[in-house]
Amino acid sequence: MRIEEFKLERWMSRWETKVSYDIAESGILPMSTNDLLDLLPAGERDAARDRLLNLPLGYTEARGTEALRAALAATYENTTADNILITTGAIEANYLLFNVLLSPGDEVITIDPAYQQVQSVPKAIGADVKYWRIRADDGFRFDLEDFERQLTPRTKMISINTPHNPTGAILTDDELQHVYEVAASMGAMVMSDEAYRWLDIPGGDPMPSPMRNRGELGISVGTVSKPFGVPGLRIGWIVAPEPIVKQCWAMRDYITLSPGKLNDALALIAVEHRDAIRSRTHRIVAENMVIADTWFADNTDLASWVRPRAGLLALMRYHLDIPSLELSDLLAEKYSVMLAPGSAFGFEQHLRIGVGQNPAIFAEGLARTKQCFDDLLAQGVKRLPAAAPGA
Ligand SMILES: Cc1ncc(COP(=O)(O)O)c(C=O)c1O
């Protein structure tokens, strides 16, 4: 398979080990193994630590342990452990589903802008990819009319991601139901990348019910990476009708075979204690939202944003005449700040910002960003008229 370069991942790999103020990250501030163990009642921690340290590190169940699959299944309706395949992150889940469900020439509707994988993999398979735009005017919104315009009797799959990377847009419960019903009436599947599930923002939109709950043509993809702050575990999952799960599993035999055993065990602790993690997430995000709101209010001449409605990501529009990749590289190299270039998502004049970082680092990252913008103006870079994100 020939596939185009994953622009964002290439750019992140270049800087993520070098900068001190990474405020582009898409996940919540990572947790350690000790942090996870601290979620257990005090009387159970030592025994759990011993169990983990003495776990024989043989291969684990190929599709993920029954315990983890059952714990996840309980978070969906009409779902058992057999409807779940544990994967190496949501990224492998998406990859398997596209490869199992799509053939060259199949019509697929995918969102734009997007986490690039959901566009590049169907294209590499040779699918006929159509784009459902997220409208930038009036804040970032999924344009349901555009979706209905793209849908044809040939459409095999609709691929969505909500809450959305990179805009922080979200489809409401009613909108998701509408998408499912319209798609199902044409016999099309809806594959929903729910990597940002459980990441409602305090004061933001409520989290809708997953796509899997809406019927047999609905498929959900999940991960512990973003909501639970443990992306290093590389644990994601597919929730789908059993025949699809089996096909994905059969393909995965050739790729990663099974999850890491210790990772599966740690992911189970995170899933079982998701309410406590969610409280931690809310504390971090609420603090960062205040910092961001204040920064944008103080710097209207330099930048603007649409607050994320859910998830952890948003696009910042900057009012300086400099390409986003050049600006991102400069911020990383000279100011030790990571803000991802909008060009990686086809959004020039924008930078992607994440609100899941440690608040002290987040605040300093924004302070340094202002310093960079001021320095550029002092060096003669032209100021552009203030405009709303997406403009
Ligand atoms: C929308 C979306 N899907 C999937 C992934 C991959 O996540 P994971 O770490 O679970 O592989 C990401 C990571 O940024 C993402 O934003």
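Here, residues in each chain are numbered from 1, in the same order as that chain's written sequence. Since the coordinates come from a predicted model, pLDDT governs what is reported: local features require at least 70, and pairs of side-chain atoms require 80 or more to be given and counted, while whole-chain, interface and lining totals use all residues. Note that the side-chain values use all heavy atoms of the structure and ignore hydrogens as well as water.

Helix axes use the C-alpha atoms of the stretch in contact, all axes being lines fitted to C-alpha atoms, and the angles between their N-to-C directions lie in the range 0 to 180 degrees. Counting from the N terminus, the helices are DSSP H or I runs at least four residues long and the strands are E runs at least two residues long. At a minimum axis separation of 11 Å, helix H13 (residues 324-335) and helix H14 (residues 359-378) run at an interaxial angle of 110 degrees. One element, H13, and the other, H14, form an angle in the roughly perpendicular class. Relative to H14, the crossing made by H13 is right-handed. Residues Leu327, Leu330, Leu331 and Tyr335 of H13 touch H14, and the partners they reach there are Arg368, Thr369, Gln371, Cys372, Phe373, Asp375 and Leu376. Oblique is the label for any angle not covered by the other classes, which are roughly parallel (under 35 degrees), roughly antiparallel (over 145) and roughly perpendicular (65 to 115). In this scheme, a crossing is called left-handed if the near helix is turned counterclockwise away from the far one by less than a right angle; it is called right-handed if the turn is clockwise. Only heavy atoms matter for contacts: two residues are in contact if any of them lie within 4.5 Å across the pair.

Turning our eyes to something else, we now look at the sheet that holds strand E14 (residues 350-354). Taken in spatial order, the 4 strands make up an open sheet running E10-E11-E14-E13, and their pairing is antiparallel. Sheet topology places strand E10 (303-305) and strand E13 (340-341) at the edges, where each strand pairs with a single neighbour. Each pair of strands is called paired provided DSSP finds at least two bridges between the two strands. Sheet analysis places strand E11 (residues 313-318) next to E14, joined by 5 bridges and oriented antiparallel. Paired with Arg317 across the two strands is His350, which belongs to E14. Strands in contact with H14 are E10, E11 and E14; relative to E14, the strand with the most contacts, it is inclined by about 165 degrees.

Once that is clear, we can look at unusual backbone geometry. Each neighbour pair has its own omega, and for Thr162 with Pro163 the value is -10 degrees, a cis peptide bond. Relative to the helices and strands, Pro163 is located in the loop between strand E6 (155-161) and helix H8 (173-185). Of the consecutive residues Asn165 and Pro166, the connecting peptide bond is found in the cis state with omega at 15 degrees. With respect to the helices and strands, the residue Pro166 is situated in the loop between E6 and H8. The phi dihedral of Ser336 is positive, around 55 degrees, even though this residue is not glycine. The topology assignment puts Ser336 in the loop between H13 and strand E12 (337-338).

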